[in-house]
Amino acid sequence: MGVSLREAMKHLIGAILCALISAGAAAAAPLLNGTVTARNGTPLADVQVQVEIRTVQTLPPSDNQGHFQFDAAALFPAGELRDAGGRLMLKFSKPGFHPVNKQVRFTEGQSPSPVSIQLDPISGSGSIPATEKEALKQFTAAPGSTPLFLIPYTFTGIQASDPKHVNERLRANLERVIVTHLQAAGVSGSQAVSMKLLPLEQANDIDRLRTYGTYLNALGMISGYGAVETGVGGSRSLGVSSTFLVVPQAEPPVGAPVLYVDDEVPVDSVTSPRLYKYLSKLWGRSTVLALGVNDYRQALSTHDKQAFARIRKYLHAERAGAGPGDEALVSQLNLLIGAVDRELAK
């Protein structure tokens, strides 16, 4: 018995609808999910999660298991994620914990890996054992100086016969390119900025870094690690995860921000100028922010309107040069610029 025309049309329409639904699902950005925990691994509920490309979207807080999930395609206008190179910034905050910013990247045709976030509790300034103070005495900066400290990076999966030499080379190149960045930004006193390699472990402990940075009169503490990752077809890249802790603290809403950035560079870049060029842009801008917080704090103590005007000028210049991937930094720059503007308006 043959199939009627009406039945044939029903089957055809059904097939077309299924194809359209499948195509729509394939075009949508994959869901990104992750978990937020405390330092001891305990899941954290009610963590505020925000997603930013050029605008900020607030998600439902993490659940009792610390889990969160979102669809970027449903949050932002069509094309905005593509125009940003697939990069967006995740922001996590919870009372009693230091906030964390993490950049993630969507790659077309691939499902993003789950994100694991760890929040460090705010536990005060802490203390340094007397024996460690004695060992650190040689690194303590004189009042008025603005040193940066590099905690040795841990690199795994690369051929490096002398990790100490690799980190010293990293330190020297970063110091050079950061100072060059500051000079180009028109920041006064750029030549006074230096970078020292600090033999310190447990670099992932933000409270400890802040305690040591305060003791050393540091402008910022830089730490990170890199690991070789093998992709499709055997291609190898170096995943670099870096942290910049701004040590000087000012009154809210400026605070002392922590900037986190993840990226990938060619596997051989650890000993080539390509890694230094990438990090110079990243930490050069972060250093401008750190100097801004430090200068703002000093200007507050003297109510120096000329100092506020000078700070505002180089912060605006730095913000104007920012681009995709700098969303977390721009947010901090905006907070500081707003605080400076309020002082200038008084």
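Rules and cut-offs
- Residues numbered from 1 in each chain as written.
- Predicted model: local features only at pLDDT ≥ 70, side-chain atom pairs only at ≥ 80, totals over all residues.
- Heavy atoms only, no water.
- Pairing = 2+ DSSP bridges.
- Helix = DSSP H or I, 4+ residues; strand = E, 2+ residues; numbered from the N terminus.
- Axes fitted to C-alpha atoms, helices over the stretch in contact; angles between N-to-C directions.
- Parallel < 35°, antiparallel > 145°, perpendicular 65-115°, else oblique.
- Left-handed = near helix turned anticlockwise from the far one by under 90°.
- Contact = heavy atoms within 4.5 Å.
- Nonpolar A, V, L, I, M, F, W, Y, C, P; charged D, E, K, R; others polar.
- Salt bridge = Lys/Arg side-chain N within 4 Å of Asp/Glu carboxyl O.
- Buried < 20%, exposed > 50% of the residue type's maximum accessible area, 1.4 Å probe, protein only.

Novice: Give me the lowdown on the sheet that holds strand 7 (residues 115-119), citing residues and values where you can.
Specialist: The strand order across the open sheet formed by three strands is 4-1-7, and the pairing between neighbours is mixed. A strand with exactly one partner marks an edge of an open sheet, and here the two such strands are strand 4 (67-71) and strand 7. Strand-to-strand, the axes of this sheet are offset by a mean angle of 25°, without reference to chain direction. In this structure, strand 1 (residues 31-38) lies alongside strand 7, joined through five bridges in parallel fashion. In the strand pairing of strand 7, alanine 38 is matched with leucine 119.

Novice: Which residues make up the pairing of strand 2 (residues 48-52), and what values go with them?
Specialist: Of the pairings in the sheet, the one linking strand 2 to strand 5 (residues 87-93) comprises five bridges and is antiparallel in character. The residue bridging valine 49 from the neighbouring strand is phenylalanine 92, located in strand 5. By the bridge criterion, three bridges tie strand 2 to strand 3 (residues 56-58) in an arrangement that is antiparallel. Bridge assignment links glutamate 52 to a residue of strand 3, and that residue is valine 56. Hairpin connection, strand 2 to strand 3: the antiparallel pair is bridged by three residues.

Novice: Break down the packing of helix 8 (residues 305-320) against helix 9 (residues 327-345) for me, citing the residues and quoting the values.
Specialist: Remark: helix 8 packs on helix 9, axes separated minimally by 10 Å, with the N-to-C direction vectors making an angle of 155°. Classed by the angle they form, the pair helix 8 and helix 9 counts as roughly antiparallel. By crossing handedness, the relation of helix 8 to helix 9 is classed as left-handed. Between helix 8 and helix 9, the residues in contact are Lys305, Phe308, Ala309, Ile311, Arg312, Leu315, His316, Glu318 and Arg319 and Val330, Leu333, Asn334, Leu336, Ile337, Val340, Asp341, Glu343 and Leu344, respectively. Per-class residue counts for the contact of helix 8 with helix 9 are ten nonpolar, two polar and six charged.

Novice: Describe in detail the pattern of salt bridges, supporting the description with residues and values.
Specialist: In the structure shown here, the tally under the stated rule is seven salt bridges. Here arginine 285 ties to glutamate 318 by a salt bridge, and the two come within 3.3 Å at their closest N and O atoms. A residue pair is termed long-range when its members are at least 10 positions apart, and arginine 285 in helix 7 (residues 273-302) and glutamate 318 in helix 8 qualify at 33 residues. Accessibility expressed as a relative area gives 8% for arginine 285, which makes it buried. We note a salt bridge from glutamate 343 to lysine 346, for which the minimum N-O separation is 3.1 Å. Lysine 346 sits in the exposed class, given a relative accessible area of 67%. Here the residues in one salt-bridge network are Glu168, Arg171 and Glu175, joined through shared partners.

Novice: Quick one: what's the story with the sheet that holds strand 6 (residues 100-105), residue by residue and with numbers?
Specialist: Taken together, the four strands give an open sheet; going across it, the order is 3-2-5-6, and neighbouring strands pair in antiparallel fashion. Unpaired on one side and paired on the other, strand 3 and strand 6 mark the two borders of the sheet. The sheet shows a mean angle of 25° between the axes of neighbouring strands, taken without regard to direction. Seen against the sheet, helix 9 touches strand 2, strand 5 and strand 6 and runs at an angle of roughly 55° to strand 5.

Novice: Outline the environment of alanine 250, listing residues and values.
Specialist: As for its placement among the helices and strands, alanine 250 is situated in the loop between strand 12 (236-246) and strand 13 (258-266). C-alpha separation for the pair alanine 250 and arginine 297, spaced 47 residues apart in sequence, amounts to 5.5 Å.

Novice: Give me the pairing of strand 12: which residues, what numbers.
Specialist: Within strand 12, ten of the eleven residues are buried, leaving the element largely enclosed by the surrounding structure. Two strands pair when backbone bridges link them, and strand 11 (residues 220-230) and strand 12 are joined in this way by eleven bridges, in the antiparallel orientation. Counted as the bridge partner of glycine 224 is serine 242 from strand 12.

Novice: Which residues make up helix 6 (residues 206-215), and what are the values?
Specialist: Most of helix 6 is tucked away, with seven of its ten residues classed as buried. Among the residues making up helix 6, those that are buried are Ile206, Asp207, Leu209, Arg210, Thr211, Tyr212 and Gly213. Backbone geometry just downstream of helix 6 places asparagine 217 in the positive-phi region, at approximately 55°.

These figures come from the coordinates and say nothing about function on their own.
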